[in-house]
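Each chain is listed here by its residues.
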Amino acid sequence: MGSNSVDNHTFSITTPLYYVNDLPHIGSAYTTIAADVIARFQRLKGVPVLMITGTDEHGQKIQRTAEAREKSPQAHCDEIVLGFQSLWQRLNIAYDRFIRTTAPRHQAIVAEFFQRVWDRGDIYEGHQQGWYCVSCEEFKEERDLLPEQRCPIHSNKAVEWRDEQNYFFKLSKYQSQLEQFYADQPDFIQPLSRRNEVLSFVSQGLQDFSISRVNLDWGFPMPTDPNHTLYVWFDALLGYVTALLDPADEPTLDNALQKWWPIQTHLIGKDILRFHAVYWPAMLMSAGLPLPGRVFGHGFLTKDGQKMGKSLGNTLDPVDLVERYGADAVRYYFLKEIEFGRDGDFSETRFINVLNADLANDLGNLLNRTLNMAGRYCQGQVPDVMGDDIPADYDLKSKGAILATTVEAAYEALAFSQACEAVLGLVRSCNKFLDEKAPWSLYKQGQQAETERVLYAVLESVRLAAYLLSPIVPGLAIAIYSQLGLAADFNDRAIGQTLPYSVHSRWGYLPASQALGKAEPIFQRIERASE
Ligand code: MSP
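Residues numbered from 1 in each chain as written. Predicted model: local features only at pLDDT ≥ 70, side-chain atom pairs only at ≥ 80, totals over all residues. Heavy atoms only, no water.

1. Remarks on the packing of helix H15 (residues 416–437) against helix H17 (residues 448–469)
Their axes nearest at 10 Å, the elements H15 and H17 cross at an angle of 165°. Compared by their axis directions, H15 and H17 come out roughly antiparallel. The two elements H15 and H17 meet at a crossing, and its hand is left-handed. Only Glu450, Val454, Leu455, Ala457, Val458, Ser461, Leu464, Ala465, Leu468 and Leu469 of H17 make contact with H15, whose side of the interface consists of Cys420, Val423, Leu424, Leu426, Val427, Cys430, Phe433, Leu434 and Lys437. Of the residues assigned to the contact of H15 with H17, the class counts are 16 nonpolar, one polar and two charged. (Axes fitted to C-alpha atoms, helices over the stretch in contact; angles between N-to-C directions. Helix = DSSP H or I, 4+ residues; strand = E, 2+ residues; numbered from the N terminus. Parallel < 35°, antiparallel > 145°, perpendicular 65-115°, else oblique. Left-handed = near helix turned anticlockwise from the far one by under 90°. Contact = heavy atoms within 4.5 Å. Nonpolar A, V, L, I, M, F, W, Y, C, P; charged D, E, K, R; others polar.)

2. So, the site of the ligand
Taken together, 20 residues lie near the ligand, and Leu17, Asp56, Gly269, Asp271 and Leu301 sit nearest. Measuring from an oxygen atom of the ligand, one finds a backbone N or O atom of Tyr19 at 3.2 Å. Contact between the ligand and Gly269: an oxygen atom at 2.8 Å from a main-chain N or O atom of the residue. Bound to the protein, the ligand loses 91% of the 670 Å² it would expose on its own. Mapped onto the shell around the ligand, the elements with two or more residues apiece are strand E1 (11–19), helix H7 (232–237) and strand E12 (265–269). The element best represented in the shell around the ligand is E1, accounting for four residues. (Near = heavy atom within 4 Å. Polar contact = N/O pair within 3.5 Å; in protein donor to acceptor, adjacent residues only side chain to side chain. Areas by Shrake-Rupley, 256 points an atom, 1.4 Å probe, with all protein chains shown as cover.)

3. Here we look at helix H11 (residues 318–325)
Along an α-helix, a turn takes 3.6 residues, which lines up residues three or four apart on a common side. Burial in H11 covers these residues: Pro318, Leu321, Val322 and Tyr325. Viewed along the axis of H11, the buried residues span an arc of 90°, placing them on a single side of the element. Buried residues along H11 sit against helix H1 (26–44), helix H3 (73–90), helix H12 (327–337), strand E16 (344–346) and helix H13 (348–377). You can read the cap of H11 off the contacts: a side-chain oxygen lies 3.0 Å from the backbone nitrogen of Val319, and it is on Asp317. Looking one or two places after H11, you find Gly326, whose phi comes out positive at around 90°. (Buried < 20%, exposed > 50% of the residue type's maximum accessible area, 1.4 Å probe, protein only. Arc of directions from axis to C-beta.)

Laid out in structure tokens, this is it:
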């Protein structure tokens, strides 16, 4: 993971701060699940982690939504924010900080940061003319618009003409410094396709962008000219800094930047790449601050192959999905099915098929039938076998021994589907192994030692699979460990200490002869609703 001044002993990661114009949609859930998985994997390795999420509450879009609902903007935000927090709880998101950009302490951080940029001479007054998309909160180039002046991202919304005095940030001044930075830190923007997109955008020449608005109240007043309101993106990006403050800290930049800065990974969707990969580093350069480690821009989700949208009437409600299928199912589907970084699709049929095949059949049935055999052939105990006594070339052991290395590399590269595939590979080998070895026949033939070795090897492989999948399906991992007779709380933030990675990621850990738990299906097969 190439990055400037990254400290390997702590890890900080952010999701975007979500607009509260509406309840959370599946796109916000997707980024948040992925960030949670990365954070959980780092915690598993014993690294101190700070995972940040939150809400972006200022600007015209929010102000207008509140007006339409006949609420004050603050009352509107206070209401919608609860929907985000409750969804994160249902999805089992273990964030450490939730930042709301309307927090008073955030205003102090924004003001101090603004002052640094101002003192650097990077802010000036000028005239802004152009097409503005309120949904993106961004000026658009005329050449990028769809017919009838519609925004390419919000194709059902017309952009609005703006002609006003604004304050500008001297982005153009940072052109060569940014280019140098991208060259020095080739991994700063990921995946590669997004990096190329940014390099091509920057090479066309950067233009200064306006960081204040007139005729808008819902935001922080500009410290040097209170007739202006700070542009929502200038304010929102700094939410990542405010979030670093310990709750008891005075809200100063020094305090905020002390422990967790620079942030290692900003996880975002591809639509907000420029803000994070161009504007944000330039703002930080201007304020004289170290730059984040990487910005990863994931793809967009579609439903049944179609762009999702309210006007199209095909939105996918994450609350409904998690209520019907549970957190582990939703988390697993999106990370296993879609190559992270690329666009991906949700279809209910595919969803049900993937979960039934991988979690109910391959993993769930495997554990269930092996536990039942251990019940019959080994008095309900882990067989009396030590992992270390099994020869290194023994089928499942040789596969299990290299699994953690493959899976770890996949998690580090945010290649979640590869991590799942690798683990499922071992699980499928176990099913094949059982069929070939047929422990029921071995037992009948009185081959007790071999029966026990076979069952031990499978149970231990399932344990390892659960451990390595735990960042993605923490609930399932807890259930599997418990049925193996092991107490484990994969939701515990100190998991890296209680179940150390160096011990549990190794094939052969499962202690011999301990009592196994009760065999129960860990993942209920999903029956297709009759239409
Ligand atoms: N408020 C800004 C972010 C400020 S960060 C300092 C914002 N908010 S948002 O709520 O509109 O978008 C949040 C995220 O949802 C973005 O990363 C965006 O890419 C993602 N998604 C929105 N629709 C999506 C899909 N259909 N599919 C996947 N992700 C998508 O932008």
